[in-house]
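Take a look at the letters that make up each chain.
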Amino acid sequence: MQILFLGTGAGMPSKQRNTSSMILKLLEERGSNWMFDCGEATQHQILRTTVKPRKIEKIFITHLHGDHIYGLPGLLGSRSFLGGDELLTIYGPKGIKDWLEVTLITSQTHLKYPLKIIEIEEGIIFEDEQFIVEARLLEHVVPCFGYRVTQKQLAPELLIEKADALGVPRGPLLRLLKSGQDVELPNGNVVRSSEVTGEPKEGFKLAVLGDTRYCENSILLAKESDVLIHEGTFDTGTEELAREYGHSTIVDAANVCEKAGAKNLIVNHISARFMPEDIKNLAVQVSEYNFPIYIADDFNEFSCINGKLDRI
Ligand SMILES: [Zn+2]
Ligand SMILES: [Zn+2]
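Residues numbered from 1 in each chain as written. Chains lettered and ligands numbered in written order. Predicted model: local features only at pLDDT ≥ 70, side-chain atom pairs only at ≥ 80, totals over all residues. Heavy atoms only, no water.

Looking up the protein chain in an unreviewed UniProt entry gives the name Ribonuclease Z, with the organism given as Psychrobacillus faecigallinarum. Its UniProt record, at the heading Catalytic activity (unreviewed entry), says of the protein chain: "Endonucleolytic cleavage of RNA, removing extra 3' nucleotides from tRNA precursor, generating 3' termini of tRNAs. A 3'-hydroxy group is left at the tRNA terminus and a 5'-phosphoryl group is left at the trailer molecule." Of the protein chain, the UniProt comment under Subunit (unreviewed entry) reads exactly: "Homodimer." (UniProt positions renumbered as here; feature names shortened; annotations may be inferred.)

Novice: What is the right way to read the packing of helix α4 (residues 72–81) against helix α5 (residues 96–106) from this model?
Specialist: For any two helices packed against each other, the geometry is given by the interaxial angle and the distance between the axes. The interhelical angle for the contact between α4 and α5, taken along N-to-C directions, is 60 degrees, at an axis separation of 10 Å. By the angle between their directions, the pair α4 and α5 is classed as oblique. Of the two elements, α4 crosses α5, and the hand of that crossing is right-handed. In this structure, α4 contributes L72, P73 and L76 to the contact, and α5 contributes I96, W99, L100, T103 and L104. Class assignment for the residues of the contact of α4 with α5 results in seven nonpolar, one polar and no charged. (Axes fitted to C-alpha atoms, helices over the stretch in contact; angles between N-to-C directions. Helix = DSSP H or I, 4+ residues; strand = E, 2+ residues; numbered from the N terminus. Parallel < 35°, antiparallel > 145°, perpendicular 65-115°, else oblique. Left-handed = near helix turned anticlockwise from the far one by under 90°. Contact = heavy atoms within 4.5 Å. Nonpolar A, V, L, I, M, F, W, Y, C, P; charged D, E, K, R; others polar.)

Novice: What's the story with empty space enclosed by the protein in this structure? I'm lost.
Specialist: The tally for this structure, following the rule as stated, stands at one cavity of 30 Å³ or more. Size it by volume and the largest cavity reaches roughly 120 Å³. What lines the largest cavity is a set of 17 residues, among which S20, D37, V208, L209 and N268 lie closest to the centre. When residues of the lining of the largest cavity are traced back to their parent elements, those giving at least two are β1 (2–7), β2 (21–26), β3 (32–38) and β13 (227–231). (1 Å grid on protein atoms, 1.4 Å probe; cavity = no way out; pocket = protein on both sides within 12 Å on 5 of 7 lines; lining within 4 Å. Points joined across faces, edges and corners; volume = space filled by probe spheres on them.)

Novice: What is the right way to look at the coordination of the zinc ion (ligand 1) in this model?
Specialist: Around a metal, the idealised angle for a tetrahedral arrangement of four donor atoms is 109.5 degrees; for an octahedral arrangement of six donor atoms it is 90 or 180 degrees. For the zinc ion (ligand 1), the full set of protein donor atoms is D67 (OD), H68 (NE2), D211 (OD) and H269 (NE2), at a range of 2.1 to 2.3 Å. In this structure, the zinc ion (ligand 1) is coordinated by four donor atoms arranged in irregular fashion, with angles at the metal of 92 to 167 degrees. Between consecutive donors of the zinc ion (ligand 1), the numbers of intervening residues give the motif D-H-x142-D-x57-H. A relative accessible area of 1% means that H68 is categorised as buried. (Donors = N, O, S within 2.8 Å, 3.2 Å for Na, K, Ca; no water. Tetrahedral: all angles 85-135°; square planar, octahedral: opposite > 155°, others 65-115°. Buried < 20%, exposed > 50% of the residue type's maximum accessible area, 1.4 Å probe, protein only.)

See below:
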């Protein structure tokens, strides 16, 4: 999986940062992308990437503040213009359905694909054979969710040399062995799946949080995750403002990561008060923590393999 930030700013766009949006690229895993939040002009940001709107399968909205949703109607319309014909599912807090439906009807936006809007409660909001997505309420000034994406255990790798050595012919028997079934060969020999497959691999765990003060649910969502994406609107020295406006400092984000035992932290939702030259100072405030911490810029892309996160 890869993580691509389309907007890393807070509240409103600035010359350096657009409003919130992030893409979880699952092209290898399921041939599609998932989006988290869709601030104004997100589709303009997409134009500068290789992301195809028709490949966006799900959009998870953390909360209904404009800097997280004002890009949705335009993106939904363009997805239709650009040939998207597959189901798009949007998950978000109560109110998202009314707002979107009124906006699409008023602007006479006719989508050529099925759109499903799910107003969520806390708990598991999606599960299939590959993934589980869980939502929990955070502490902001309006209802705001954080999400935890868990990739289920991956099928073990087929050790083809071992299968060859045992005389398994290429074809359906190999597929059965890979799926965990023991098979009988044409010569009567039985080959066990465990003889020709490796260890099952753990999938990734990712926590994507919306706007929030430091809170326990953030820690639960991020528990032992590979990557935690946490807002850091404020910094040391502006803690009072963070509390008042329902936000976190970069140190709060690092504390959540530490308490949760998450492997990597990416901080987003950066206030426009911080100019590019201030970012180094922000990093200094969290230099004591012993896990990798990145402050995301727009268009930063990260790759996570076996818990190791790299900016690509
Ligand atoms: Zn925000
Ligand atoms: Zn907000």
